[in-house]
Amino acid sequence: MIRVVVSGALGRMGQESCRAILDAPDMILVGAVDGTPKNNKLGQVLGREDIDIAVHSDLQTTLQQTTPDVLVDFTNPKAVFNNIKTTIDNRVRPVVGTTGLSSAEIEYLKKAAAQRGIGGLIAPNFAIGALLMIKFSAMAVKYFPHVEIIELHHDQKIDAPSGTALKTAEVLAEVRGKMHQGLPTEYEKITGARGGNYEGVRIHSVRLPGYVAHQEVIFGGSGQTLTIRHDSISRDSFMPGLLMSVRAVININELVYGLENLIFE
Ligand code: NAP
């Protein structure tokens, strides 16, 4: 059985993850951590009174007391770096769903994991369909180098653009190279109207109640456009990829960035 602690357990993704881990036949949820000090019983929050797990606020103590194999983190961009550093220092394998880690932070964590021979995964998106969207976009940009991204999320999301949009832009920029698109003399009448700019790839972030996580990658060519779109309609969409990741990190000894690097050839 794989022993798992969830950090951010009372959040939207954390609760969904706890449910999925509790239902996985080869996993055991041994602990739960959340932001502000709370005396909550996880079972009460999940509506599963048979679950007797308290929610703690101190990750270090929880890791030491529960001795998990894997830590799943769905917290926020401010908390995640220290959480994962603590996790690796305790020789526990991190599976990180939280977005917002900088490239420098990811590099630091990769080195820390390598020094200890700890496997782990940082995955901006666990939805397999979203990973395919990025893969198909990398194929399309070879033929359609003019491309923009629109990502749409619920209005409680703290960071913009989404980790998935940034990852998509990184992949697109790598395949097509740096390029200016649009009219060289264009200007914005309202700042930000043309979106964020990653190596010439424009990213537009929509935040509205009602959305979960959605993205369109729009390619423009002569007389035609191609749109590749993925929709996470509910948070269930992330769970198969999350469980796959928890199983996978047991058998690797490096910190990998991107679930696609574990599941696609
Ligand atoms: P959320 O509902 O705000 O949940 C975050 C939880 O983390 C809150 O309960 C918060 O507690 C807790 N928290 C804050 N600081 C903490 C700390 N230091 N230690 C432990 N827990 C802490 O957010 P969400 O919608 O679940 O999203 C969480 C993250 O997952 C975001 O970064 C989001 O972008 C990402 N995400 C990733 C995927 C993916 O597939 N990888 C999918 C969806 C979302 P307080 O409220 O008390 O601060």
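As a convention, each chain's residues are numbered from 1 in the sequence order in which they are written. Confidence filtering applies because this is a predicted model: local features only for residues at pLDDT of at least 70, side-chain atom pairs given and counted only at 80 or more, and all residues used for totals across whole chains, interfaces and linings. Hydrogens and water are ignored here; the side-chain numbers use all heavy atoms of the structure.

## Thoughts on the pattern of salt bridges
Take a side-chain nitrogen of Lys or Arg and a carboxyl oxygen of Asp or Glu: if they are within 4 Å of each other, that pair is a salt bridge. Across all of its chains, the model carries 13 salt bridges by this definition. Its salt-bridge partner being Arg-247, residue Asp-26 comes within 2.6 Å of it at the nearest N-O pair. Of the two residues, Asp-26 sits in the loop between α1 (12–23) and β2 (27–33) while Arg-247 sits in helix α8 (residues 239–249), which places them 221 residues apart along the sequence. Classification of residues uses two cut-offs on accessible area relative to the type maximum, computed with a 1.4 Å probe and protein chains only: under 20% is buried, over 50% is exposed, and between them is partly exposed. The class of Arg-247 is partly exposed, set by a relative accessible area of 33%. Glu-260 serves as the salt-bridge partner of Lys-167, at 3.3 Å between the closest nitrogen and oxygen. Placement of the pair is Lys-167 in helix α7 (residues 163–176) and Glu-260 in helix α9 (residues 260–263), with a sequence separation of 93 residues. Both residues of the pair, Lys-167 and Glu-260, count as buried. Taken together, the shared-partner salt bridges connect Glu-148, Glu-186, Arg-194 and Arg-202 into one network. Numbering goes from the N terminus for both helices and strands, where a helix is a DSSP run of H or I of at least four residues and a strand is a run of E of at least two.

## Quick notes on the environment of Pro-209
The topology assignment puts Pro-209 in the loop between β9 (201–207) and β10 (213–221). Here Pro-209 falls in the exposed class, since its relative accessible area comes to 61%.

## Focus on the domain arrangement of the chain
Domain boundaries shown here were taken from an automatic or database domain assignment. Taken domain by domain, the chain holds domain 1 (2–122 + 236–263) and domain 2 (128–233). Whether two residues are in contact is decided by their heavy atoms, any of which lying within 4.5 Å being enough. Residue-level contacts link twelve residues of domain 1 with twelve residues of domain 2. The junction of domain 1 with domain 2 conceals about 960 Å² of combined surface from both sides, 62% of it contributed by carbon and sulfur atoms. Here domain 1 and domain 2 share one salt bridge between them. Two N or O atoms count as a polar contact when they lie within 3.5 Å, although within protein this holds only if one can serve as hydrogen donor and the other as acceptor, and sequence-adjacent residues are included solely when both atoms are side-chain atoms. At the boundary of domain 1 and domain 2, one finds three residue pairs in polar contact (both at pLDDT 80 or more). Only α8 and α9 provide two or more residues apiece to the side of domain 1 that touches domain 2. In this count, Pro and Cys sit with the nonpolar residues alongside Ala, Val, Leu, Ile, Met, Phe, Trp and Tyr, while Asp, Glu, Lys and Arg are called charged and the others, Gly among them, polar. A class-by-class count of the residues in the side of domain 1 that touches domain 2 yields six nonpolar, four polar and two charged. Summed over both partners, the accessible area lost on bringing two parts together, with a 1.4 Å probe, is the buried area.

## Looking at the pairing of β9
As judged from the six bridges shared by strand β7 (residues 146–153) and β9, these two strands associate in the parallel manner. Directly across from Glu-148, in β9, lies its bridge partner Arg-202. Note that strand β8 (residues 196–198) and β9 share three bridges and pair antiparallel. In the sheet register, Gly-196 faces β9, and the bridge partner there is Ile-203. Strands were regarded as paired on the criterion that DSSP finds at least two bridges between them.

## Considerations on the sheet that holds β9
A sheet is described by the order of its strands in space; here five strands give the open sequence β8-β9-β7-β10-β11, paired in mixed fashion. Sheet topology places β8 and β11 (224–232) at the edges, where each strand pairs with a single neighbour. Adjacent strand axes in the sheet meet at a mean angle of 20° when their direction is disregarded. Sheet topology note: the β10/β11 ladder contains nine bridges and is antiparallel. Paired with Gly-220 across the two strands is Thr-225, which belongs to β11. For helices, the axis comes from a line fit to the C-alpha atoms of the stretch in contact; other axes are also lines fit to C-alpha atoms, and the angle between any two N-to-C directions lies between 0 and 180 degrees. Sheet strands touched by helix α6 (residues 128–140): β10 and β11. Its angle to β11, the strand with the most contacts, is close to 165°.

## Thoughts on α7
Along an α-helix, residues three or four positions apart point the same way, because every turn accommodates 3.6 residues. Taking 1.5 Å as the rise per residue, α7 with 14 residues should run 20 Å; its terminal C-alpha atoms sit 20 Å apart, in good agreement. Gly-163, Thr-164, Ala-165, Lys-167, Thr-168, Ala-169, Leu-172, Ala-173 and Arg-176 are the residues of α7 that are buried. Of the residues trailing α7, Gly-177 is marked for its positive phi of about 80°. Between the first and last residue of a helix there are one fewer steps than residues, each counted as 1.5 Å, and that sum is the expected span.

## Description of the site of the ligand
Neighbouring residues are identified by heavy atoms, a residue being near a molecule or strand if any of them is within 4 Å of it. Close to the ligand lie 24 residues, the nearest being Met-13, Asp-34, Thr-99, Ala-123 and Phe-126. One of the side-chain N or O atoms of Thr-99 is found 2.9 Å from an oxygen atom in the ligand. What sets the accessible areas is the Shrake-Rupley method with a 1.4 Å probe; for residues, cover comes only from the shown protein chains. Computed on the free molecule, the ligand has an accessible area of 930 Å², of which 77% lies beneath the protein chains in the complex. Along the lines of polarity and charge, the residues of the shell around the ligand split into eight nonpolar, twelve polar and four charged.

## What to know about the pairing of β2
Residues in a regular strand project their side chains so that they alternate between the two faces of the sheet. For β2, the buried fraction is high: six of the seven residues fall into the buried class. One ladder, built from six bridges, connects strand β1 (residues 2–7) with β2; its direction is parallel. Considered in β2, the bridge of Arg-3 is made with Ile-28. Consider the strands pointing away from the viewer: the crossover is right-handed when the path from the first strand over the helix to the second runs clockwise. Crossover handedness for the path β1 to α1 to β2: right-handed. Across two bridges, the pairing between β2 and strand β3 (residues 55–56) is parallel. Its bridge partner lying in β3, Val-33 is registered against His-56.

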